[in-house]
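# Examining the three-dimensional arrangement
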Amino acid sequence: MQKAEKKAKIITDETLRETVSHGNEEYPFCYYLEDVWEFDLHCIDWHWHPEIEFVFVQKGTVTFLVGSERYVLTAGNGIFINSQILHRFEADETAVIPNIVFSPSLLSSKGSLIYEKYIEPVLHAPMDCLILSPDLPWQKTALDELLSVFSLQETAEPDELQTVQLLLKLWGTLYAHIPAAGSDSPSKGSAYDQARLQIMLQYIHANYPQPVSLDDIARTVTLSKSSVLHIFHQYLHISPVNYLIRYRLKRAARLLVSTESSIFSIAQSTGFESPGYFCRKFKELYQMTPGEYRKRKGDGMS
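Residues numbered from 1 in each chain as written. Predicted model: local features only at pLDDT ≥ 70, side-chain atom pairs only at ≥ 80, totals over all residues. Heavy atoms only, no water.

An unreviewed UniProt entry lists the protein chain under the name AraC family transcriptional regulator, with Candidatus Blautia faecigallinarum as the source organism.

## Points about the overall build of the protein chain
Assigned secondary structure in the protein chain consists of ten helices and nine strands. For 302 residues, the compact-globule estimate of 2.2 N^0.38 gives 19 Å, and the C-alpha radius of gyration of the protein chain, at 21 Å, lies within 12% of that figure. For the protein chain, the spread of C-alpha atoms along the three principal axes comes to 60 × 45 × 35 Å. A burial count over the protein chain gives 48% of its 302 residues as buried. (Helix = DSSP H or I, 4+ residues; strand = E, 2+ residues; numbered from the N terminus. Rg over C-alpha atoms; globule rule 2.2 N^0.38 Å. Buried < 20%, exposed > 50% of the residue type's maximum accessible area, 1.4 Å probe, protein only.)

## Quick notes on the pattern of salt bridges
Following the criterion strictly, the structure yields eight salt bridges and no others. Its salt-bridge partner being K225, residue D215 comes within 3.7 Å of it at the nearest N-O pair. Here K225 lies in helix α6 (residues 225–235) and D215 lies in helix α5 (residues 214–219), a separation of ten residues in the sequence. According to the relative accessible area criterion, D215 is partly exposed, its value standing at 36%. What makes K225 partly exposed here is its relative accessible area of 41%. Because the salt bridges share partners, they merge into one network encompassing D45, R88, E90 and K250. (Salt bridge = Lys/Arg side-chain N within 4 Å of Asp/Glu carboxyl O.)

## With respect to the sheet that holds strand β4 (residues 61–66)
Reading across from one edge, β2-β7-β4-β5 is the order of the four strands in this open sheet, with antiparallel pairing throughout. Looking at strand neighbours, the two that pair on one side only are β2 (43–47) and β5 (69–74), the edges of this open sheet. Pairwise comparison of adjacent strand axes, ignoring direction, gives a mean angle of 15 degrees for this sheet. Direction of pairing for β2 relative to strand β7 (residues 87–90): antiparallel, over a ladder of three bridges. (Pairing = 2+ DSSP bridges. Axes fitted to C-alpha atoms, helices over the stretch in contact; angles between N-to-C directions.)

## Observations concerning the nonpolar core
In this structure, F29, F54, F80, I100, F102 and W171 are the most contacted members of the largest nonpolar core, which totals 31 residues. Put simply, the parts of the chain that give this core at least two residues each are β1 (29–35), β3 (52–56), β8 (96–102), α1 (113–123), β9 (129–132), α2 (137–153) and α3 (160–175). The leading source of residues in this core is α2, at six residues. Ranked by size, the runner-up nonpolar core spans 25 residues in total, among them M200, I204, Y235 and L244. (Core = buried A, V, L, I, M, F, W, Y, C linked by side-chain atoms within 4.5 Å.)

## Some points on the sheet that holds strand β6 (residues 78–81)
Sheet strands pair via backbone hydrogen bonds, and the direction of the pair is either parallel or antiparallel. Read across the open sheet, the five strands follow the order β1-β8-β3-β6-β9; overall the sheet is antiparallel. Looking at which strands have only one partner, the edges of the open sheet turn out to be β1 and β9. The sheet shows a mean angle of 15 degrees between the axes of neighbouring strands, taken without regard to direction. Bridge count for β3 against β6 is four bridges, and the pairing is antiparallel. Paired with V55 across the strands is I79, a residue of β6. Strand contacts of α2: β1, β3, β6, β8 and β9, with the helix running at about 95 degrees to β3, the strand carrying the most contacts. (Contact = heavy atoms within 4.5 Å.)

## A look at the packing of α2 against α3
Remark: α2 packs on α3, axes separated minimally by 9 Å, with the N-to-C direction vectors making an angle of 165 degrees. Considering their axes alone, α2 and α3 lie roughly antiparallel with respect to each other. Remark: the crossing between α2 and α3 carries left-handed chirality. Counting all contacts with α2, which are made through W138, T141, A142, E145, L146, S148, V149, L152 and Q153, the residues of α3 involved are Q162, T163, L166, L167, K169, L170, T173 and L174. Within the contact of α2 with α3, the residues separate by chemical class into nine nonpolar, six polar and two charged. (Parallel < 35°, antiparallel > 145°, perpendicular 65-115°, else oblique. Left-handed = near helix turned anticlockwise from the far one by under 90°. Nonpolar A, V, L, I, M, F, W, Y, C, P; charged D, E, K, R; others polar.)

## Side note on α2
With 17 residues, α2 should reach 24 Å at 1.5 Å per residue; the first-to-last C-alpha distance of 25 Å fits that figure. Where α2 is buried, its residues touch β1, β3, β6, β8, β9 and α3. (Expected span 1.5 Å × (residues − 1).)

## Considerations on the pairing of β6
Of the two faces of β6, the one carrying G78 and F80 and the one carrying I79 and I81 are both buried. Sheet analysis places β6 next to β9, joined by four bridges and oriented antiparallel. Pairing of G78 across the sheet is with L132, part of β9.

Below, the structure written as structure tokens:
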């Protein structure tokens, strides 16, 4: 059975690639039933994976940040997220999103006629994602097919063969309506900018305990400061400096729960020269002081 347990947070490497395996080598497919509100900071934070993903909004409203775009979807709508695309989900209240993540190779082996003729055109299509609305007939068909996949996974022993059959049917619907390769839709040529973004993120993650300036970040990819600002705002909707501060705060939050170090010591070890500034920024992000966070997390707060 490939129904996954709920995740409290997204775990990624220094490039923001998700480190969790979705299924296994023999059956690279996983079904998740999640509530965005239950994740740390009420968001499924920035990540990417080589697998493709289909998400359905079952309850509530979710903001999907995919590549450089932002989409707000309400219950009844869905989204297809292409391979290797940065994305993040946010919610202001309970938002239930059943979703599937799987390798395209599950549908057909790489190098086969089926893969080259029907799988690759979608993977290489000029789109980071595709919104699925019940208001459009073909997209309603796709959503119905997606819900059939979900329903099967909710059974006691979901049949793998039937799952793949349903996925192929869904894929056929998607394939028949993908934008043409020469269209004016946003292109995955933005992969170069995403690669440079990942280099800059690696630098921040490796050096966050030390002073890090915008100039330092820009030097890692030989870009002007304005270009660096543009890339961060385009893909992460945040400035490099604010991303650095947020990353330091997340590292500090982990230390508050996993160690008995003083708040002063944790502030210093995560790059904050002023404990007062650290406490102020921490409360802005987590809506509680570092001391309150340590106590509540220690008491088992989810």
